[in-house]
Amino acid sequence: MPGEDVVRVLVACEYSGVVRDAFLARGHEAMSCDLLPTEVPGPHYQGDVRDVLDFPWDMMIAHPPCTHLSVSGARHFEAKRMDGRQQAAVSFFMSLARANIPLIAIENPVCIMSSLWRKADQTIQPWQFGHGETKATCLWLKNLPLLRPTEIVDGRENRVHRLPPSEDRWKLRSTTYAGIAAAMADQWSNAFALRSAA
């Protein structure tokens, strides 16, 4: 059994291991889950995250696929609604949001969930966490505080948006920045400790 201050964290829809490893580095019990294998050895369930949602996790950080939700692809919305892809993506997002886990963070780019469900609690940028780039990321939070910026830097380069076409472009666009993962592990594990002590 984990100790009182050890957080059991499920990192849903993550193959990179970046967020998982940030929590592991701080002594927590963390597992990533994705349909893809993990890119870095570590605790990982390769399969549908809904297979493991009912484990008694303390926290879930979820990165549901944004392909059919992001407003950057709005020109394709009509076709995606006609064949059910958008409805399926919304349903999956909501299955994560409604999971029976005390602390939840769901991240996505600016997307239709802000109008279909509720506005995001926070929008963060990599340049607030030590990376001189822009990439607006929305966070929907349950019983977690807003992330506080840790290192505001110059740069503001939109590198991710300008990546050239490649087989790995979608992976590079979706990987969480290390500075953001570190902030999540530091600040949200502290929030868990405070909640447990209350």
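Data block above holds the structure.
Residues numbered from 1 in each chain as written. Predicted model: local features only at pLDDT ≥ 70, side-chain atom pairs only at ≥ 80, totals over all residues. Heavy atoms only, no water.

> Can you lay out the packing of aromatic side chains for me, pointing to particular residues and giving the numbers?
Across all of its chains, the model carries three aromatic pairs by this definition. Across the ring face of W117, the terminal group of R118 is positioned such that the distance to the ring centre comes to 4.6 Å. (Phe/Tyr/Trp six-rings, centres within 6.5 Å; stacked < 30°, edge-to-face > 60°. Lys NZ or Arg CZ within 6 Å of the ring centre and 35° of its normal.)

> Could you give an account of the state of the cysteines, naming the residues involved and the relevant values?
Summed over all chains, the structure comprises zero disulfides. For the unlinked cysteine C111, the closest cysteine sulfur is that of C138, found at 6.4 Å. For C111, a relative accessible area of 5% corresponds to the buried category. (Disulfide = S-S within 2.5 Å. Buried < 20%, exposed > 50% of the residue type's maximum accessible area, 1.4 Å probe, protein only.)

> Account for helix α3 (residues 85-97), with residues named and values stated.
Between its first and last C-alpha, α3 extends 19 Å over 13 residues, near the 18 Å set by a 1.5 Å rise per residue. For α3, the set of buried residues is Q86, A89, V90, F92, F93, M94, L96 and A97. (Helix = DSSP H or I, 4+ residues; strand = E, 2+ residues; numbered from the N terminus. Expected span 1.5 Å × (residues − 1).)

> If you had to explain the sheet that holds strand β4 (residues 59-62) to someone new, which residues and values would you point to?
Taken in spatial order, the seven strands line up as β3-β2-β1-β4-β5-β7-β6 in an open sheet, and their pairing is mixed. Where the open sheet ends on each side, the last strands, each with one partner, are β3 (44-46) and β6 (122-124). Geometrically, the sheet is characterised by an average inter-axis angle of 20° between neighbouring strands, direction not taken into account. Direction of pairing for strand β5 (residues 103-108) relative to strand β7 (residues 137-142): antiparallel, over a ladder of five bridges. In the sheet register, N108 faces β7, and the bridge partner there is C138. α3 contacts β4, β5 and β7 of the sheet and is inclined by roughly 155° relative to β5. The sheet contacts of helix α6 (residues 178-197) involve β4, β5, β6 and β7, and relative to β4 the element is tilted by about 155°. (Pairing = 2+ DSSP bridges. Axes fitted to C-alpha atoms, helices over the stretch in contact; angles between N-to-C directions. Contact = heavy atoms within 4.5 Å.)

> Describe unusual backbone geometry, naming the residues involved and giving the relevant values.
In this model, C13 sits at a positive phi of 60°, which is unusual for a non-glycine residue. In this fold, C13 is placed in the loop between β1 (8-12) and α1 (18-24). We classify C13 as buried; its relative accessible area is 15%. A positive phi is found at N143, a non-glycine position, where the angle reads about 60°. Positionally, N143 belongs in the loop between β7 and α5 (169-174).

> Run through the nonpolar core, naming residues and quoting values.
One recurring pattern in soluble globular proteins: nonpolar side chains tend to sit buried together. By size, the foremost hydrophobic cluster in this structure holds 28 residues, and its most contacted members are L10, V49 and M60. For this core, the elements supplying multiple residues, two or more each, are β1, β2 (29-34), β4, α3, β5 and β7. Ranked by residues supplied to this core, first place goes to α3 with seven residues. Those residues in contact with M60, other than ones at most four positions away along the chain, are L10, A12, L53, L96, A99, I101, L103, I104 and A105. Of all hydrophobic cores here, the second largest spans 26 residues; its members include V11, I61, F129 and L147. (Core = buried A, V, L, I, M, F, W, Y, C linked by side-chain atoms within 4.5 Å.)

> Describe the pairing of β2, listing the residues and the values that go with them.
By the criterion of burial, β2 is predominantly enclosed, with five of the six residues buried. Across five bridges, β1 lies against β2 in parallel orientation. Each bridged residue has a counterpart across the sheet, and for V9 the counterpart in β2 is A30. What joins β1 to β2 is α1, and the crossover it makes is right-handed. Bridge count between β2 and β3: three bridges; the pairing is parallel. Across the sheet, residue C33 finds its bridge partner in β3, namely Y45. (Right-handed = clockwise from strand over helix to strand, strands pointing away.)

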